[in-house]
Amino acid sequence: MRPLRAWLLRMAGMFRKAGRDRELADEPTGNLDSKNSEAVIDLLRQLHADGATICMVTHDPRYASIADRTIHLFDGHITEETVGTRMASG
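Let me sum up the structure you'll find in this document. (Residues numbered from 1 in each chain as written. Predicted model: local features only at pLDDT ≥ 70, side-chain atom pairs only at ≥ 80, totals over all residues. Heavy atoms only, no water.)

Turning to the nonpolar core, a few remarks are in order. Counting residues in hydrophobic clusters, the biggest one holds eight residues: Ala 25, Val 40, Ile 41, Leu 44, Leu 47, Ala 52, Tyr 63 and Ile 66. With four residues, the single largest contributor to this core is helix 2 (residues 34-49). (Core = buried A, V, L, I, M, F, W, Y, C linked by side-chain atoms within 4.5 Å. Buried < 20%, exposed > 50% of the residue type's maximum accessible area, 1.4 Å probe, protein only. Helix = DSSP H or I, 4+ residues; strand = E, 2+ residues; numbered from the N terminus.)

The alternating pattern of strand 2 (residues 22-26) places Glu 23 and Ala 25 on a buried face, while none of Arg 22, Leu 24 and Asp 26, on the opposite face, is buried. In this sheet, strand 3 (residues 53-57) lies alongside strand 2 in parallel orientation, the contact comprising five bridges. Bridge pairing in strand 3 places Glu 23 opposite Ile 54. (Pairing = 2+ DSSP bridges.)

Turning to the environment of Cys 55, a few remarks are in order. Within the secondary structure layout, Cys 55 lies in strand 3. Ignoring any residue separated from it by four or fewer positions in sequence, one finds Cys 55 in contact with Glu 23, Leu 24 and Ala 25. (Contact = heavy atoms within 4.5 Å.)

Under the counting rule described, the total for this entry stands at three salt bridges. A salt bridge links Asp 42 to Arg 45, with the nearest nitrogen and oxygen atoms 3.2 Å apart. Of the two residues, Asp 42 and Arg 45 both sit in helix 2, three residues apart, roughly one turn of that helix. Arg 62 is the partner of Asp 60 in a salt bridge, and the nearest nitrogen-oxygen pair spans 2.5 Å. A relative accessible area of 17% means that Asp 60 is categorised as buried. (Salt bridge = Lys/Arg side-chain N within 4 Å of Asp/Glu carboxyl O.)

Now the structure itself:
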């Protein structure tokens, strides 16, 4: 990982290694302005393109919509699951 990428993800307060080629992103854009939010999402897209599995928690439907798979929760229960969208560039 390039130093700038690691710095940006740490600044977002969301990046944790979850094992080989697995990344956890807990509200990666929650405290960021729109420009930096897009930079973090671009980095997650690149990690995904490089073969990593990204598990992202978000309340932002714009970013949820780019996932290969989404799971919606309410009161700790799965209410909806969608498979088939892509982490495409946006």
